[in-house]
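# Descriptive structure summary
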Amino acid sequence: MAVPQRPLYRHAVTQTTLFQHPESFTSYVKVAPERGVDHVIGGLTYGVPATSGQRPPAIGQRVLVPLGRGNAKTPGYVVGTADAAPDGYDPDRIKPILRVLEDTGCLSPELVRLGSWMASYYCCPLGMVLANMLPASVRKGTGRVKRKVVRLAPAGRACLDSGTFEVEGKKLTRLQKAILEQAGQLAEGQSIEPRDLVTRAGGSTTSPVTKLVERRLLEIVTRSEIRASWQDASSESAGTATGPPDFHLTDGQTGALEAISHSVAAHDFAVHALYGVTGSGKTEVYLRAIDAVLAAGRSVIVLVPEISLTPQTVARFRARLGDDVAVLHSGLTSAQRHQQWASIEKGDARVVVGARSAVFAPFPDPAPVGLIVVDEEHDSSYKQDQAPRYHARDVAIKRAQMLNAVVVLGSATPSMETCHNAVVRRLYTWHRLPERVPGMNAAVARIVDMAADLRLAETAGSRQDRTTLELIGPTLQSELGKVLEDGGKAIVLLNRRGYANLVCCPSAPCAWVLYCDECDAAMVLHKDRTLKAGAFVQCHHCQAEQRVPKRCPMCDRTVRSLGVGTQRLEEVLCRLFPDHLEEGTTLRRVDSDTMRRAADYHEVLDAFRAGQARVLLGTQILAKGHDFPDVRLVGVINADAALHIPDFRSAERTFQLITQVAGRAGRGEHPGTVIVQTWQPEAPAVRLAAAQDYRTFGRQELTDRQQAGLPPYSRLARIVVRHQQLEKAQQRAEKVAAFFRKQASHDPERAVAVHGPMPCALGRIAGQFRIAIELQSQSAGAIQQVLAGARNRGLVRSDAQTAVDVDPITLM
């Protein structure tokens, strides 16, 4: 190993000194490197050199260590400490830590314990889990600046106390005396900017301060702070706490609040499932429960599923709680995220609102977490799709269990897992808010059979083309026209972005379809006026883009596009209602193509609230908890589309999507109408969602799952083996599956069924063939035991060629 250019831990580490005598170590630490090192789950042992002259690092601190045969300098986290080398270790072969990484963030011991559980449960290296907890902006120190300030020195205090403004026979000038007196008025240990101090004393130049420092009457202190600019008013504005509004809670709200408050007061772990129809006042229950937690001296985490919801939630919470609310989500800049993290860590903010990663908010010990609210707990965005593949709802429950805190899971469409745990297993307390709060009208839903609607249009002699009628049928067109004429607002949902689903050859014998070169998926057509060609095709899995071919490569016919997306819907709406809708102003599209930044969401949603936009059209993000006034109509296009996805949760997702978007209507003085367009009007998920009948749907869905032995009546883990060569992917998958079958317990209560290997529904993504293995058991512990055995053998690891997903929410 080459000699480092400079000492890293205040001593040079060379090849000859890398392994040191045990007597040169004052203590030992276990370190989890920020790498995919998975063979030692509890961390690697390193020694703390006696020559460092510093205190041994504490649990949660970041350190730099030599890793592997090449002794690559690698950051990691201290996860354990000891005075002696662990049993089984050769003390002469233990490497020293190189440096404690100051000012790069750290994790509390409580978060390290939580991370250890996540590493074990979600089958991911501990260092990767801990690195995921601590934001990159904190590790890099983004936004941190150091500036020099001054404070009163002991000699300056003595000078003021004696009243003799003289040093070594030289009297202070009048301005120097005034500056010293102003410094003396500061609190003990308080520092101030030199220019501010001079201004207070009536001066204009800082040279007198320099003289006082030279005479040791003032002393210079380096202050570190994090600076970030905030342009989003909803995030930066300080609120004035107004307290709870002066209205009576409904009986359901009162009962739920009393039960939650009782759990908070008892300081016992408890989970409360708050099922309330849209508009039933779940947020008011959250806010009053938060008041009780803050009064008890503890802190609160509020999770929301989308960053677009964060400003709305933060604004409402700050209006009630004042400026004691911090925000954490991926839409913040790096400096903003660092600043908010530091504010939470110091205890300046005791309520955190954010998306998935906010579950790791670093509250200090004096005010530990007392309540975690998971709003819209059913939402799939709480599940991370990269290692560690954790579910924020389940991590929130585990963190609360470790801290004897309370969890509230709120939703108008609770997940089947939550419903099962509350209603069947009675592990959670179930609360119902069956009606909207006074002042909100329940929306009236109508299911439109598109086959019948098209026949009606043909009978009436409609001149519109079939594509338009299949996209927006006569019934929805009529209702939308009435709303626009009356000056109301509408939301139209089509859960597919782009212009057309695929580009193909119109010749039946040919049937050529443009597929992605790297994925087993059709390319999607997108319109783009900035391009000379006016359009391009994109793969929605690997994001590859191509030009649109003009002719079929097989038979040389002119190609055509089929299917619909939000771009085509936008075009059709502007054509149907030219007097009311204009693209980009009164009609706004909300999907991942138009919403690139958090600010884009805020601008569009604010314009809709203010009435500048009349119609919002977009994908599923429109269904996620928005509270818009005067939405008189909600239209759902192709409501049954998700039912055709090969996943046992497709009916549940369809029900949730329709129910949630329907709940955006009628939140004002005008009643709301919901038009659900479908080709399967008798499908239970569609029919019951239109009727807002969660109780019946939940009962039927749980019965079907129980008969099939599917979650929540069993537990799943999914391992996807990936490789550019199909044969190698299959060989490795067969080897892993064979090990699973050998290790699986035959005890009926702990039996593990091994399904596969089998190709995934999407057999290739980004040039990698994908082979899946599924583990299914009645016992989560049995699955964990099998996975742990595979991890110890090195057969299963979180790397580029293997994806381990415990409790998967999608099987694609």
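A brief report on the enclosed structure follows. Being a predicted model, the structure only gives us computed values, none of them experimental.

Tracing the sequence through the fold places valine 48 in strand β2 (residues 44-49). Here valine 48 falls in the buried class, since its relative accessible area comes to 0%.

Below, the discussion takes up unusual backbone geometry. The amide bond that connects alanine 387 to the next residue, proline 388, takes the cis arrangement and shows omega of -5°. In this structure, the amide linkage connecting proline 711 to the following residue, proline 712, adopts the cis form with an omega of 15°. In this fold, proline 712 is placed in the loop between α22 (694-708) and β28 (715-723). The residue aspartate 103 is not glycine, and still its phi comes out positive at about 55°. Counting through the fold element by element, aspartate 103 comes out in the loop between β5 (99-100) and α1 (109-121). With a relative accessible area of 45%, aspartate 103 lands in the partly exposed category.

Before going further, it helps to spend a moment on the pairing of strand β31 (residues 802-806). Of all 5 residues in β31, 5 are buried, a share of seventy percent or more. Both faces of β31 are covered, namely the face carrying Thr802, Val804 and Val806 and the face carrying Ala803 and Asp805. Where β28 lies against β31, 5 bridges are found, and the strand directions are antiparallel. Bridge pairing in β31 links valine 720 to alanine 803.

This paragraph deals with the environment of proline 553. Mapped onto the elements of the fold, proline 553 is located in the loop between β22 (545-546) and β23 (560-562). On the basis of relative accessibility, which here comes to 57%, the residue proline 553 falls in the exposed class. Sequence spacing of proline 553 and phenylalanine 363 is 190 residues, and the spatial spacing of their C-alpha atoms is 61 Å.

This part is about the nonpolar core. Counting residues in each nonpolar core, the largest one holds 75 residues, and the members touching the most others are Leu107, Met118, Phe740, Leu775 and Leu787. If we skip the residues at most four places from it in the chain, phenylalanine 740 touches Ile719, Val754, Ile773, Leu775, Val786, Leu787, Ala790 and Val796. Counting residues in each nonpolar core, the second largest holds 41 residues, with Tyr275, Leu622, Ala662 and Val674 among its members.

This part takes up the environment of arginine 588. Inspection of the secondary structure puts arginine 588 in strand β24 (residues 587-590). Every residue in contact with arginine 588, bar those within four places of it in the chain, is listed here: Glu603, Val604, Ala607, Ala613, Val615, Leu616 and Leu617. Within the structure, arginine 588 has its side chain in polar contact with the side chain of glutamate 603 (distance 2.7 Å).

We now examine the pattern of salt bridges. With the rule as written, the count across this model stands at 33 salt bridges. The shortest N-O distance in the salt bridge between glutamate 193 and arginine 147 comes to 1.6 Å. Here glutamate 193 is found in the loop between α5 (174-184) and α6 (194-200), whereas its partner arginine 147 is found in strand β6 (residues 144-152), with 46 residues between them in sequence. Given the relative accessible area of 16%, arginine 147 is considered buried. Note that glutamate 583 is salt-bridged to arginine 529, the shortest N-O span being 2.9 Å. You can see glutamate 583 sitting in the loop between α18 (566-576) and β24 and its partner arginine 529 sitting in the loop between β20 (524-527) and β21 (535-538), a full 54 residues away along the chain. In the salt-bridge network here, residues are joined through shared partners; they are Glu34, Arg62 and Arg139.

What follows is about the side chain of glutamate 34. By the secondary structure assignment, glutamate 34 is in the loop between β1 (25-33) and β2. At 2.8 Å, the side chain of glutamate 34 forms a polar contact with the side chain of tyrosine 77. The contacts of glutamate 34, once residues within four sequence positions are left out, are Arg62, Thr74, Pro75, Gly76, Tyr77, Gly127, Ala131 and Arg139.

Counting across every chain of the model gives 10 aromatic pairs. A ring pair is formed by tyrosine 275 and tyrosine 694, whose centres lie 5.1 Å apart and whose planes are at 35°; its orientation type is tilted. Here tyrosine 694 lies in helix α22 and tyrosine 275 lies in strand β10 (residues 270-276), a separation of 419 residues in the sequence. Accessibility assignment for this pair places tyrosine 275 and tyrosine 694 in one class, buried. Centre to centre, the rings of phenylalanine 655 and phenylalanine 697 are 4.3 Å apart; their planes meet at 0°, and the pair counts as stacked. Of this pair, phenylalanine 655 sits in helix α20 (residues 650-662) while phenylalanine 697 sits in helix α22, and the two are 42 residues apart along the sequence. Of the two residues, phenylalanine 655 and phenylalanine 697, neither departs from the other in class, the shared state being buried. Of the aromatic side chains, those joined through ring pairs into one cluster are Tyr275, Trp430, Phe655, Tyr694 and Phe697. Sitting above the plane of the phenylalanine 769 ring, arginine 764 keeps its charged end 5.9 Å from the centroid.

For the rest of this paragraph, the subject is the packing of helix α4 (residues 154-162) against α5. Packed helices, taken two at a time, are described by the angle their axes make and the gap between the axes. Look at α4 against α5: their axes get within 10 Å of each other, and the N-to-C directions meet at 105°. In this view, α4 runs roughly perpendicular relative to α5, as classed from their interaxial angle. Between α4 and α5, the residues in contact are Gly156, Arg157, Cys159 and Leu160 and Leu180, Glu181 and Gly184, respectively. Looking at the contact of α4 with α5, its residues break down into 3 nonpolar, 2 polar and 2 charged.

Okay, helix α17 (residues 474-485) next. Helix length check: α17, at 12 residues, gives a terminal C-alpha distance of 16 Å against a target of 16 Å (1.5 Å per residue), a fit within 8%. Taken residue by residue, α17 has Thr475, Leu476, Gln477, Glu479, Leu480, Gly481, Val483 and Leu484 as its buried positions. Of the residues flanking the end of α17, it is glycine 487, one or two places downstream, whose phi is positive at about 85°.

Strands sit in the order β12-β13-β11-β14-β15-β10-β16 across an open sheet of 7 strands; the sheet is parallel. Because the sheet does not close on itself, it has two edges, and the strands there are β12 (325-328) and β16 (429-433). Pairs of neighbouring strands in the sheet enclose a mean axial angle of 20°, with direction left out of account. Sheet analysis places β10 next to β16, joined by 5 bridges and oriented parallel. By the bridge assignment for β16, glycine 276 is matched with leucine 433.

On to the pairing of β24. Neither face of β24 is exposed, since Leu587 and Arg589 on one face and Arg588 and Val590 on the opposite face are all buried. When β24 meets strand β25 (residues 615-618), the two strands line up parallel, connected through 4 bridges. Within β25, the residue paired with arginine 588 across the bridge is leucine 616.

Conventions adopted
- Residues numbered from 1 in each chain as written.
- Predicted model: local features only at pLDDT ≥ 70, side-chain atom pairs only at ≥ 80, totals over all residues.
- Heavy atoms only, no water.
- Helix = DSSP H or I, 4+ residues; strand = E, 2+ residues; numbered from the N terminus.
- Buried < 20%, exposed > 50% of the residue type's maximum accessible area, 1.4 Å probe, protein only.
- Pairing = 2+ DSSP bridges.
- Core = buried A, V, L, I, M, F, W, Y, C linked by side-chain atoms within 4.5 Å.
- Contact = heavy atoms within 4.5 Å.
- Polar contact = N/O pair within 3.5 Å; in protein donor to acceptor, adjacent residues only side chain to side chain.
- Salt bridge = Lys/Arg side-chain N within 4 Å of Asp/Glu carboxyl O.
- Phe/Tyr/Trp six-rings, centres within 6.5 Å; stacked < 30°, edge-to-face > 60°.
- Lys NZ or Arg CZ within 6 Å of the ring centre and 35° of its normal.
- Axes fitted to C-alpha atoms, helices over the stretch in contact; angles between N-to-C directions.
- Parallel < 35°, antiparallel > 145°, perpendicular 65-115°, else oblique.
- Nonpolar A, V, L, I, M, F, W, Y, C, P; charged D, E, K, R; others polar.
- Expected span 1.5 Å × (residues − 1).

In short, the description is geometric, and any link to function would need to be established separately.
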